[in-house]
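Coordinates in review
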Amino acid sequence: MTLPPLPDEAIVIKAHVDDWRAAVREAGRALVRSGSTRSEYADRMIAVIEEFGAYVVIAPGLALAHARPGPDVRREGLAVVTLAEPVPFGHPHNDPVRVVVGLAVSNAEEHVASVARLANAFNDSGVVGRMARAETADELRALLGFDGTAEAGA
Amino acid sequence: MKIIAVCGLGIGTSAILKVNAERALDRLGLTADVDASDLAGIATAAADAQVILTSSELADAVRAAIGRSFAEIVEVSNYFDVEEIGAKLEISLG
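Residues numbered from 1 in each chain as written. Chains lettered and ligands numbered in written order. Predicted model: local features only at pLDDT ≥ 70, side-chain atom pairs only at ≥ 80, totals over all residues. Heavy atoms only, no water.

A word on the confidence of the model for chain A
- Confidence in the prediction for chain A averages 90 pLDDT; 92% of positions are at 70 or higher.
- Taken together, the stretch residues 149–154 of chain A has pLDDT below 50 and engages in 12 contacts with residues farther than four places along the chain or on a different chain. (pLDDT = per-residue confidence, 0-100. Contact = heavy atoms within 4.5 Å.)

What about the interface of chain A and chain B?
- Each side of the interface is counted separately: chain A has 31 residues, and chain B has 22 residues.
- Of the roughly 2200 Å² buried where chain A meets chain B, counting both sides, 68% is carbon and sulfur surface.
- In terms of surface lost to chain B, no three residues of chain A exceed Phe52(A), Tyr55(A) and Ile58(A), which account for 29% of the buried area on that side.
- Run the count over chain A and chain B and you get 1 salt bridge.
- Put simply, Asp38(B) and Arg68(A) hold a salt bridge, and the shortest N to O gap is 3.7 Å. (Buried area = accessible area lost by both parts, 1.4 Å probe. Salt bridge = Lys/Arg side-chain N within 4 Å of Asp/Glu carboxyl O.)

Examining the sheet that holds strand 1 (residues 11–15) of chain A
Residue and element names in this part refer to chain A.
- With mixed pairing, 5 strands are arranged side by side in an open sheet as 1-4-5-3-2. Both outer strands of the open sheet, strand 1 and strand 2 (57–59), are each paired with one neighbouring strand and no more. Strand-to-strand twist in this sheet, taken as the mean axis angle between neighbours without regard to direction, amounts to 20°.
- Bridging between strand 4 (residues 77–87) and strand 5 (residues 97–104) involves 7 bridges; their strand directions are antiparallel. Among the inter-strand pairings, Val81 is bridged to a residue of strand 5, identified as Val100.
- Its contacts with the sheet put helix 2 (residues 40–52) on strand 3 (62–66) and strand 5, and the angle it makes with strand 3 is roughly 120°. (Pairing = 2+ DSSP bridges. Helix = DSSP H or I, 4+ residues; strand = E, 2+ residues; numbered from the N terminus. Axes fitted to C-alpha atoms, helices over the stretch in contact; angles between N-to-C directions.)

Pasting the structure below:
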């Protein structure tokens, strides 16, 4: 049960964005840089929120941006974007968002196990705030439960 | 007893909700099968379910999708708050 890799290319610290779409786009670009997706995947993550609403804001301050598996997903991938200034996504309880986790999967089944591990990290209610304040990629990886840099390699 | 965790796509957020619902049930000493589903599949998935867990953002869409079903819809705000999930499950299962 391992998380997808989270290399430095997939991490953006204290990004400046004007709105939720720009925040999701940052996560999309990070997934492209790490080799997980093509650029169209960002549009599909935005389309999910346009279609279903801000339910992807699954905890206070945290958005889990994702879309269905598709031809624009090269391999399973994870990206983390922290925001310099929080932005609203339109969720009644959990706005504003300070951390966007981008997720790309190549099939739904293989993915449940890695999401379970992500859930472990976020069961600590203080972790979103600590991620928002993190200054380095290593800090963020440690907060998400990556054991060491070996696991973080692409 | 069967519980369905539903989100727009049936991956990602519903999987997190499923994991934490299982934790909440564990703490309550209850056993149930918890499955994840997307909105498109919810009518079938909910046919023999007692409870549907979802986001308040999706509750109306779920209600429309299941039509005539006996399943109760439980809205969760914080998917990582096992206490919130447990308290709400306890009410609807109690």
